Amino acid sequence: MAFVDYYSVLGLDKSASQDDIKKAYRKLARKYHPDLNPNDESAKKRFQEINEANEVLTDPEKRKKYDQYGENWKHGEEYEKAQQEYARSRGSRGSSAGAGQNPFEGFDFNNYNGNYDTGEYSDFFEDLFGSRFGGGRSSGKRGSYRGQDYETTVDLTLLQASQTHKQTFTVNGKNIRITVPAGVEDGQKIKLKGQGGDGVNGGPKGDLYITFSIRPDSRFIRKGNDLYTNIEVDLPTALLGGETIVDTLTGKINVKIKEGTQNGAKIRLKGKGFPVYKKDGDFGDLYAEIQVKLPTELTEEQKKIIEQLADSLKK
């Protein structure tokens, strides 16, 4: 897997602040979003790289390891353990390595992810240092270990997230097709076992971790499985009652407005909210807040009628 410079992907350098990273991500994500570049594979690949860079650089721990180890950042913890073990072994046995020699030279971190079949750290240590201490495996054969785990982000609209549907995307040159269950949440992660990098020496494949990113919607605000929206009602309907139309995820419906409805009042539409994740037939509720629309540019006659109404209400 080719090394990707996440800072270059976002057009930044290592001194970039979190705000710089967020601003660059938003700008580039809008520019290369698949919805704005249909049938453009290069834009799709660029969008995936942008998401991957943002995921790593906005996470303080991941960014620290990336800055320290570069392309081997995912193996930083194993790298540090190996350094410590190497130092201890030099002190107890004496070192066959020459002074100033890099103990990690020649080891392929691109294929290693720290997961040996035996689960023993000693396998990693022996692969990395054994021959230099004169105590390496007599067979000269490395242990098997599982492939690298991959991560990607799938971008969804609120409507897409409310419906079970198929999604196809590319990870490391491989097309992946998944079924997205209705009700997924923003930031939710799922694991596809065995869809990561190939194992080495017979080791199992790594896994693929998918994060769902749900874009803000112009009509609804989602809170858990409930949805919130605003509806305008004219003054006569608010005073005398009547009906109005409300948008839902599945279409428009007529809703009754009670006589004397106040501005800011909420109407609860049971079962018209967001589907509950992996619970077929279960839905949250939709809450519609009433915004009474006052008339403007009244005629003289209309003003007199309003004045008469005001006088009558004072009595």
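Residues numbered from 1 in each chain as written. Predicted model: local features only at pLDDT ≥ 70, side-chain atom pairs only at ≥ 80, totals over all residues. Heavy atoms only, no water.

Chemist: What is the right way to look at the side chain of His33 in this model?
Modeler: Positionally, His33 belongs in the loop between α2 (18-32) and α3 (41-57). Using a relative accessible area of 9% as the deciding quantity, one classes His33 as buried. Among the polar contacts made by the side chain of His33, one reaches the main-chain amide nitrogen of Asp35 at a distance of 3.0 Å. Side-chain polar atoms of His33 contact the side chain of Asp155, separated by 2.4 Å. Other than its neighbours up to four places away in sequence, His33 contacts Phe47, Asp155 and Arg215. (Helix = DSSP H or I, 4+ residues; strand = E, 2+ residues; numbered from the N terminus. Buried < 20%, exposed > 50% of the residue type's maximum accessible area, 1.4 Å probe, protein only. Polar contact = N/O pair within 3.5 Å; in protein donor to acceptor, adjacent residues only side chain to side chain. Contact = heavy atoms within 4.5 Å.)

Chemist: Teacher, can you tell me more about the pattern of salt bridges here?
Modeler: When charged atoms on two side chains of opposite charge get close, those side chains can pair. All told, the structure shown has 14 salt bridges when counted by the stated rule. Between Asp207 and Arg146 there is a salt bridge, with its nearest N and O atoms 3.0 Å apart. Of this pair, Asp207 sits in the loop between β4 (189-192) and β5 (208-214) while Arg146 is found in the loop between α6 (121-129) and β1 (150-156), placing the two residues 61 residues apart along the sequence. With a closest N to O distance of 2.9 Å, Arg268 and Asp285 form a salt bridge. Pair noted here: Arg268 is in strand β10 (residues 266-269) and Asp285 is in the loop between β10 and β11 (286-293), with a separation of 17 residues, a long-range link. Three or more residues joined by partner-sharing salt bridges are found here, namely Glu55, Lys62, Glu151 and Lys189. (Salt bridge = Lys/Arg side-chain N within 4 Å of Asp/Glu carboxyl O.)

Chemist: How should the nonpolar core be read in this particular structure?
Modeler: A general tendency of soluble globular proteins is for nonpolar side chains to be buried together. Within the largest apolar cluster, 31 residues are counted, with the highest numbers of intra-cluster contacts made by Leu156, Phe169 and Phe212. Other than its neighbours up to four places away in sequence, Leu156 contacts Ala161, His165, Gln167, Val180, Val184, Phe212, Ser213, Ile214 and Arg215. With 18 residues, the next largest nonpolar core counts Ile50, Val56, Leu57 and Tyr66 among its residues. (Core = buried A, V, L, I, M, F, W, Y, C linked by side-chain atoms within 4.5 Å.)

Chemist: I tried to follow helix α4 (residues 60-69) on my own but got confused; where do I start?
Modeler: Along an α-helix, residues three or four apart share an orientation, since each turn contains 3.6 residues. Where α4 is concerned, the buried positions are Lys62, Arg63, Tyr66 and Tyr69. The arc that holds every buried residue of α4, seen down its axis, measures 155°, which confines them to one face. Turned more than 90 degrees away from the buried face of α4, the exposed residues are Pro60, Glu61 and Lys64. Sitting at the head of α4, Asp59 places a side-chain oxygen 3.0 Å from the backbone nitrogen of Glu61. (Arc of directions from axis to C-beta.)

Chemist: I keep staring at the confidence of the model for the protein chain and nothing clicks. Help me out?
Modeler: Any region with low pLDDT has predicted coordinates that should not be read closely. When pLDDT is averaged along the protein chain, the result is 82, and 77% of the positions lie at 70 or above. Taken element by element, the predicted model of the protein chain shows its lowest mean pLDDT in α6 (45) and its highest in β11 (97). Overall, residues 93-106 carries pLDDT values under 50, and its contacts beyond four positions in sequence, including any with other chains, amount to 24 contacts. For the stretch residues 109-141, pLDDT sits under 50, and the model shows 81 contacts to residues farther than four places along the chain or on other chains. (pLDDT = per-residue confidence, 0-100.)

Chemist: It is not clear to me how the sheet that holds β11 should be interpreted in this structure. Could you clarify?
Modeler: What holds strands together in a sheet is hydrogen bonding between their backbones, with the strands either parallel or antiparallel. What the four strands build is an open sheet, ordered β6-β7-β11-β10; its pairing is mixed. A strand with exactly one partner marks an edge of an open sheet, and here the two such strands are β6 (221-223) and β10. Strand-to-strand, the axes of this sheet are offset by a mean angle of 30°, without reference to chain direction. Alignment of β10 against β11, held across four bridges, turns out to be antiparallel. (Pairing = 2+ DSSP bridges. Axes fitted to C-alpha atoms, helices over the stretch in contact; angles between N-to-C directions.)

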